[in-house]
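# Fold and geometry: a report
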Amino acid sequence: MIRTLNVDLGDRSYPIHIGAGALDRLDVGSRRCLIVTNETIAPLYLTRLLQRLPDADVCELPDGESHKTLTTAGAIVDRLADGGFHRDSLVIALGGGVIGDIAGFAAAMYHRGIDFIQIPTTLLAMVDSSVGGKTGVNHRAGKNLLGAFHQPLQVLADLDLLATLPPREYAAGLAEVVKYAALGDLAMLGWLESRVEALRAREPETLAEVVHRCCVAKARIVAADEREQGQRALLNLGHTFGHAIETSSGYGALLHGEAVAIGMVMAADLSQRLGWTAAEDVTRLRTLLDALSLPTTPPPIPADTFVSLMQRDKKVLNDQLRLVLLKPLGRAVISADVPMDLLRATLASAA
């Protein structure tokens, strides 16, 4: 069964199709297409896509977060320009979050924006990065520092594509699933806790429900705050800590979802120090992440380095560090008034 929901953004609205076989909903008409994928995904699913789009061009990139750069995005733009693609052409992102972000960013730049379609192949991309129009690349100064808001034409979350996802990549996607529960749906958190074994086993009905619930939550938030001027920032729970960890460790040393899992525990710890979250709720969050094979402790990073990297975060306004915290577990808030001594205490306790 294919479930379809809509991201309501007026003339930029688009459908998300979720379920086994969702790829069969792809219809590009007579438009010229460039499929952007990577060396890992291409041998697995490119042939299936080309059966539907036999005339499409292909841009195959190296795999990994370390290649999520302006240079790589520029290579896609070069391919579009050198190939004579026009404003009515279409970019199709076939891959995980890295491919979706790079391909979407290239599409946003080319001719000041051409259409693109997201075909996510990882759980993390299905539940989070493929929805909402955030595109971009990393910079040595920070994660996703260069980018644009550019909504896709549609998202095809075909659950069949998760069959080949390595266990570590799959677990990283579950971190973003837990994030949605922790920031705004305590009932969902309990549901996840009761289905740990089904999640670990990739039970099809459980997976379909997980992806649908997360996409519904994100679609609702994006429709209300497309450009992250308010509540959409709540989706960054764990990300300010996590991005600092990724930047310090070197992009790719930890998967994004792994860094987010660690960041959520650190955000919960800081929330407890502020008196907003109970100690047992911090333990509850850490226990669930542990059960899903996710890390909860950061690599060694000097506190001054950690703080410096966090202060480069895109959510910093007027030189104030803004953190997404829990008040309590199940309800996220944005705080710009966190005492530095408590932040440093969290960093020290996590080391």
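Before reading further, recall that the structure is shown in the block above.
Now for a description of the structure that goes with this document.

Calculation notes
Residues numbered from 1 in each chain as written. Predicted model: local features only at pLDDT ≥ 70, side-chain atom pairs only at ≥ 80, totals over all residues. Heavy atoms only, no water. Axes fitted to C-alpha atoms, helices over the stretch in contact; angles between N-to-C directions. Helix = DSSP H or I, 4+ residues; strand = E, 2+ residues; numbered from the N terminus. Parallel < 35°, antiparallel > 145°, perpendicular 65-115°, else oblique. Left-handed = near helix turned anticlockwise from the far one by under 90°. Contact = heavy atoms within 4.5 Å. Nonpolar A, V, L, I, M, F, W, Y, C, P; charged D, E, K, R; others polar. Salt bridge = Lys/Arg side-chain N within 4 Å of Asp/Glu carboxyl O. Buried < 20%, exposed > 50% of the residue type's maximum accessible area, 1.4 Å probe, protein only. Phe/Tyr/Trp six-rings, centres within 6.5 Å; stacked < 30°, edge-to-face > 60°. Lys NZ or Arg CZ within 6 Å of the ring centre and 35° of its normal.

### Regarding the packing of helix α10 (residues 256–273) against helix α13 (residues 340–350)
It is at 9 Å that the axes of α10 and α13 come closest, and there the two elements cross at 130°. By the criterion of interaxial angle, the relationship of α10 to α13 is oblique. Crossing angle aside, the handedness with which α10 passes α13 is right-handed. For the pair α10 and α13, the contacting residues are Met266, Asp269, Leu270 and Arg273 in the first and Leu342, Leu343, Ala345, Thr346, Leu347, Ser349 and Ala350 in the second. Residue composition of the contact of α10 with α13, grouped by class: seven nonpolar, two polar and two charged.

### Regarding the pattern of salt bridges
In the structure shown here, the tally under the stated rule is 19 salt bridges. The closest approach of N and O atoms between Lys179 and Glu176, which form a salt bridge, is 2.8 Å. With Lys179 and Glu176 both in helix α5 (residues 167–184), this residue pair falls three residues apart, about one helical turn. Glu176 gets classed as buried once you look at its relative accessible area, which sits at 0%. One network of salt bridges, in which partners are shared, links Asp128, Glu176, Lys179 and Lys218.

### A word on the packing of aromatic side chains
Centre distance and the angle of the planes are the two values used to describe a pair of aromatic rings. Within the structure shown, the criterion is met by one aromatic pair. On the basis of an interplanar angle of 70° and a centroid distance of 6.4 Å, the ring pair of Phe241 and Phe306 is categorised as edge-to-face. Here Phe241 is found in helix α9 (residues 239–249), whereas its partner Phe306 is found in helix α12 (residues 303–310), with 65 residues between them in sequence. Look at Phe241 and you get buried, because its relative accessible area is 2%. It is Lys179 that lies over the ring of Tyr180; its NZ or CZ is 4.7 Å from the centre. The positively charged end of Lys327 is found above the aromatic ring belonging to Trp276, 4.6 Å away from the centroid.

Read these as geometric descriptors, not functional statements.
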